[in-house]
Each structure stands twice: as structure tokens, then as C-alpha cells.
Amino acid sequence: MKNITLLGATGSIGIQTIDVIKQHPDKFKLFAISFGENIQRALPIIEEFQPLWIVVKNKEAKEKLINAATKIDGQILYGTDSLDTICEHDGVDIVVNAVMGSVGLSATLNAIRNKKQIAIANKETLVTAGHLVMAEAKKYNVDLLPIDSEHSAIFQALNGEEKKQVNKIILTASGGSFRDKTRKELENVTVQDALKHPNWSMGAKITIDSATMMNKGLEVIEAHWLFNISFDQIEVVQHKESIIHSMVEFVDSSIIAQLGTPDMRVPIQYALTYPNRESLPTANKLDLVSIGKLHFQQMDYNRFPGLKLAFEAGKAGGTLPTVLNAANEIAVDLFLNEKISFLQIEDIVEKMLSNHQNIANPDLETIQSVDLETRKKVLEVL
Ligand SMILES: NC(=O)C1=CN([C@@H]2O[C@H](COP(=O)(O)OP(=O)(O)OC[C@H]3O[C@@H](n4cnc5c(N)ncnc54)[C@H](OP(=O)(O)O)[C@@H]3O)[C@@H](O)[C@H]2O)C=CC1
Ligand SMILES: CC(=O)[C@@H](O)[C@H](O)COP(=O)(O)O
Ligand SMILES: [Mn+2]
């Protein structure tokens, strides 16, 4: 039996992780959870699983939870520092990081230092501080198992083969909600329209990132760190069906791809059961005959400048990826709250990157201060 700490239990990945846990009650136990403020989503989870620890975003959320619940056996904590408690506990075997945003960074580092196996969905953590996370994972000999569908596909395609045998990684991109629109047509798009991803049902932030193609940009940087591969060996190809989740081209020209329906429970379960595979009775099976055709298209970096910005920030390194990520997080939040237009998201990220004085090889403190500073600057500029 493996005890799981689930960070971001009320989110899209969090709920699907719980679905996987439910299908294997003999293998996994929900030991601890964290979430932000969504008490309504958290209550049924707490009542069914009665985790030993519950961490919420702040004191107000803790009070609301206590007032709303009929029975809570576990201890309720709040604040990001408390995430450390549920990541380092002796009873924990696996930490699933499914929070949204770079708020997951310190908890991830702490989980690694306590030698917990990490199943990571939270790409912002790797974008903002990939060099620190990977160095700690190496030092403590900890596995970082990808949940992100593309990275799980690459991980499965690599199947332990040596880096020198890899020519390149090919990340597939759906194109997001507005893939058939011109830039001119993007001027007046609404939040509601942006939230309609053609293939995946996901949290709001990643769905907007997918529409700006920043999601793929973050994934390029995530792949660079997870697989220790240079940016020149990462290619992005548009593939509108999201059936091939990504591919690896090896030195002999052979390409290995991983396919499946757009169902995140498959990569989530693989990260939890690795190196084994288990049946997943509720997974949606892929029927290639009924799909008939798959499409591939070259990326247009003028149509999707966010992807270009991410490649540039990733290659430059230092604090630029932190700026990219923090500016994007705030800009997406402003768009979701109808404070800025869709196209302003890219403008803000571009402006923050070009005004930033890059700092090489930043430590955690520097990353945290650049992150905070960038968020403040975005609001000042507005
Ligand atoms: N959804 C998907 O299919 C995929 C997601 N990912 C990645 O996984 C991560 C999670 O995505 P997703 O599940 O879609 O996101 P959601 O927005 O659906 O969920 C985010 C979770 O994080 C919690 N959270 C957010 N902010 C804070 C905070 N400040 N403090 C504590 N908890 C917080 C939320 O709590 P609450 O809502 O209670 O406030 C919620 O539980 C992201 O990094 C995303 O890029 C990667 C691949 C696929
Ligand atoms: C499910 C998942 O991993 C998402 O990151 C998804 O891949 C988004 O797809 P696009 O960014 O290609 O639209
Ligand atoms: Mn993905």
C-alpha cells in the first residue's frame, strides 16, 4: 500500500488522481491533501477518504471548511509552509504535485529532500526553477515521474534508453481553442470562448495557456529539464486530434510515439504505478479505425509568438524563465477576470521579458524575489 500526498486535490488533475486511487483501493491510500479555497469540491473528498492532514490556502479557508464539514478526522493546516509538513511526513510514499502555478516549488524541493517519489503535473515549478529541482532530484536520487501527457509520452517512448541515442523530442500541440483563427480574429475573443479546449477538459489557467500556445512553451522548458535535452533537440508539431501525445526520434531515424484518447487518468496512473502498468477499467479506449485520419502541421511562430518567447527564455536561462512564468500567470489571471484582452497576455509577457535584467544561475531566494517582483510589475504597468 502506497500513501499519497496530493497537492491540488480540488483541481482537474487532483480529481482525476482521486479517480485513479479509487480504482485501486488495495494499492493506494490518500494520506494527505492540499487545496486552495474550493470547499465544495473538497468536502466530498474529505468525507470519503478522511485524510490525516488537510492543508488549505489561508486561515479563512480553514474556518470555512470547519464550518461546512460534518466530520473531519484529520488535522487542518493552512499556508504554503504547511505544504512542507504533508510532503515530508514519514508516512508518505508519493507526492503528487497537481497545484497550479509556481506556488508548488518549495513543497516540491522539500519532498525531494525527504526522498519522496514525485509525480509531477505542476509544470510551472520546473519552468521557474528546473535547474534547482533537477539538481536536488539528482542529489537525493529521487524519481521525478511526469504526469503531463506529452512528458509521460516521451518518458514511455524513451523507456530508459540512453540520451546519446536520442535525436530529438517531438512535442505535439493541439493549437488550443482558437487554432483556426487569425491574429486579427483574436482581438475580441471572450473568456468563455477561450475556455473551450477542442480535446481536453482541464483547469482554467492551462486551458488559456493552451490557446496562447504558452502551454507548449512551458512544456518545452519542462521537457528540457525532465529529459536533460537541449532546446535545439526539441521540436513542436501541431497535431489537432491530441491522439499522439508526443514522440521521440532516435539516432537511427526510428520514431516511437505514445497514443491514447485525451484522458489524463492514464498518465496519472502510470506515474503512480511506474515501472508497472495496471488495468484502468474506466479509461476511454482508442479506436483508430473510427478516427480514420490524424493531422500534422508545422508550427507558425508568428501566429503563436508565446511559443517563441518560451523557447528564447528557456535557451537564455537564468531568471528569464521565472519572469516568463510569473508574467504569464498574472496575465492569464487578469484575462480570466476580464481585466485585459486575450492578446494582451502575450504583450505583457513580452514586455516583462524585454525589460528584465537577466541573472545567471539564480538560487531559490533570487527566483522567489524575481517571481514576486515580476507579478508586481505587471500590475504596475497596467
Ligand atoms: N488539467 C490537466 O489536464 C493538466 C494539467 N497540468 C498541470 O497540472 C497543474 C494543475 O492543473 P489543473 O488541475 O488543470 O489546475 P486547476 O486549476 O484545475 O487546479 C489547481 C489546484 O491547485 C490549487 N491551488 C491553486 N492555487 C493555489 C494556491 N495559491 N495555494 C494552494 N493551492 C492552490 C487549487 O485549489 P482551489 O481550486 O481549491 O482553490 C486546485 O486544487 C498545472 O500546473 C497544469 O499546467 C498538466 C497537464 C494536464
Ligand atoms: C493534457 C495535457 O497534457 C495538456 O497540457 C494538453 O496537452 C494541452 O494540449 P495543448 O497545449 O496541445 O492544447
Ligand atoms: Mn500537456
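Under an unreviewed UniProt entry, the protein chain has the name 1-deoxy-D-xylulose 5-phosphate reductoisomerase and belongs to Gracilibacillus marinus. Turning to the protein chain, the UniProt record has this under Sequence similarities (unreviewed entry): "Belongs to the DXR family." Its UniProt record gives the protein chain a comment under Function (unreviewed entry), which states: "Catalyzes the NADPH-dependent rearrangement and reduction of 1-deoxy-D-xylulose-5-phosphate (DXP) to 2-C-methyl-D-erythritol 4-phosphate (MEP)."

J.: Hey, could you run me through the sheet that holds strand β6 (residues 117-120) in this one?
T.: To summarise the sheet geometry, strands pair through backbone hydrogen bonds and adopt either a parallel or an antiparallel arrangement. What the seven strands build is an open sheet, ordered β4-β3-β2-β1-β5-β6-β7; its pairing is parallel. At either margin of the open sheet sits one strand with a lone partner, and together these are β4 (75-78) and β7 (144-146). Recorded for the sheet is a direction-independent mean angle of 25° between the axes of neighbouring strands. In the sheet, strand β1 (residues 2-7) pairs with strand β2 (residues 28-34) via six bridges, with the strands oriented parallel. From the neighbouring strand, K2 faces β2, where its bridge partner is F28. Packed onto the sheet, helix α3 (residues 59-68) meets β3 (53-56) and β4 and runs at close to 155° relative to β4.

J.: What exactly am I supposed to notice about the pairing of strand β10 (residues 244-250) here?
T.: Looking along a regular strand, one sees side chains alternate from face to face of the sheet. Bridging between strand β8 (residues 166-173) and β10 involves five bridges; their strand directions are antiparallel. Directly across from V166, in β10, lies its bridge partner F250. Relative to strand β11 (residues 255-259), β10 runs antiparallel, the two being bridged by five bridges. Along β11, the bridge assignment pairs V248 with I256.

J.: What's the story with the site of ligand 2 in this structure? I'm lost.
T.: In the neighbourhood of ligand 2, the contacting residues comprise D148, S149, E150, A173, S174, G176, W200, I206, S210, N215, K216 and M264. The set of elements that each furnish at least two residues to the shell around ligand 2 consists of α7 (149-158), α9 (204-212) and α10 (214-226). Split by residue class, the shell around ligand 2 holds four nonpolar, five polar and three charged.

J.: Looking at this structure, I do not really get the UniProt feature "binding site: 1-deoxy-D-xylulose 5-phosphate" (unreviewed entry) in the protein chain. What am I missing?
T.: As annotated in UniProt, the feature "binding site: 1-deoxy-D-xylulose 5-phosphate" (unreviewed entry) corresponds to K123, S149, E150, S174, H197, S210, N215, K216 and E219 in the numbering used here. For S210, the location among the structural elements is in helix α9. Residue S210 is classed as buried on the basis of its 25 C-beta neighbours within 10 Å. If sequence neighbours within four positions are ignored, S210 has contacts with S174, G176, H197 and N215. Mapped onto the elements, N215 comes out in helix α10. Given 27 C-beta atoms within 10 Å, N215 falls into the buried group.

J.: How do you make sense of the nonpolar core when you look at a structure like this?
T.: One recurring pattern in soluble globular proteins: nonpolar side chains tend to sit buried together. A119, A310, L324, A327, A331 and V349 are the most contacted members of the largest nonpolar core, which has 104 residues in total. Examining the composition of this core, we find that nine residues originate from one element, helix α14 (residues 320-336), more than from any other. Apart from the residues lying within four places of it in its own chain, the contact partners of A327 are I348, V349, M352, T374 and V378.

J.: Would you mind showing me how to read the packing of helix α13 (residues 305-316) against helix α15 (residues 342-354) here?
T.: Where α13 meets α15, the closest approach of the two axes is 10 Å, and the angle between their N-to-C directions is 25°. Between α13 and α15, the crossing angle belongs to the class labelled roughly parallel. Judged by the sense of rotation from one axis to the other, the crossing of α13 with α15 is left-handed. Only E346, V349, E350 and L353 of α15 make contact with α13, whose side of the interface consists of P305, G306, L309 and A313.

J.: Can you help me understand the UniProt feature "domain: 1-deoxy-D-xylulose 5-phosphate reductoisomerase N-terminal" (unreviewed entry) in the protein chain in this one?
T.: Residues given the UniProt feature "domain: 1-deoxy-D-xylulose 5-phosphate reductoisomerase N-terminal" (unreviewed entry) here are residues 4-130. Secondary structure across residues 4-130 comprises 46% helix and 21% strand; the distance between its end C-alpha atoms is 23 Å.

So, how was this worked out
- Residues numbered from 1 in each chain as written.
- Chains lettered and ligands numbered in written order.
- Predicted model: local features only at pLDDT ≥ 70, side-chain atom pairs only at ≥ 80, totals over all residues.
- UniProt positions renumbered as here; feature names shortened; annotations may be inferred.
- Pairing = 2+ DSSP bridges.
- Helix = DSSP H or I, 4+ residues; strand = E, 2+ residues; numbered from the N terminus.
- Axes fitted to C-alpha atoms, helices over the stretch in contact; angles between N-to-C directions.
- Contact = placed C-beta atoms within 7 Å.
- Near = placed C-beta within 6 Å.
- Nonpolar A, V, L, I, M, F, W, Y, C, P; charged D, E, K, R; others polar.
- Buried ≥ 20, exposed ≤ 12 C-beta atoms within 10 Å, placed from the backbone.
- Core = buried A, V, L, I, M, F, W, Y, C linked by C-beta atoms within 7 Å.
- Parallel < 35°, antiparallel > 145°, perpendicular 65-115°, else oblique.
- Left-handed = near helix turned anticlockwise from the far one by under 90°.

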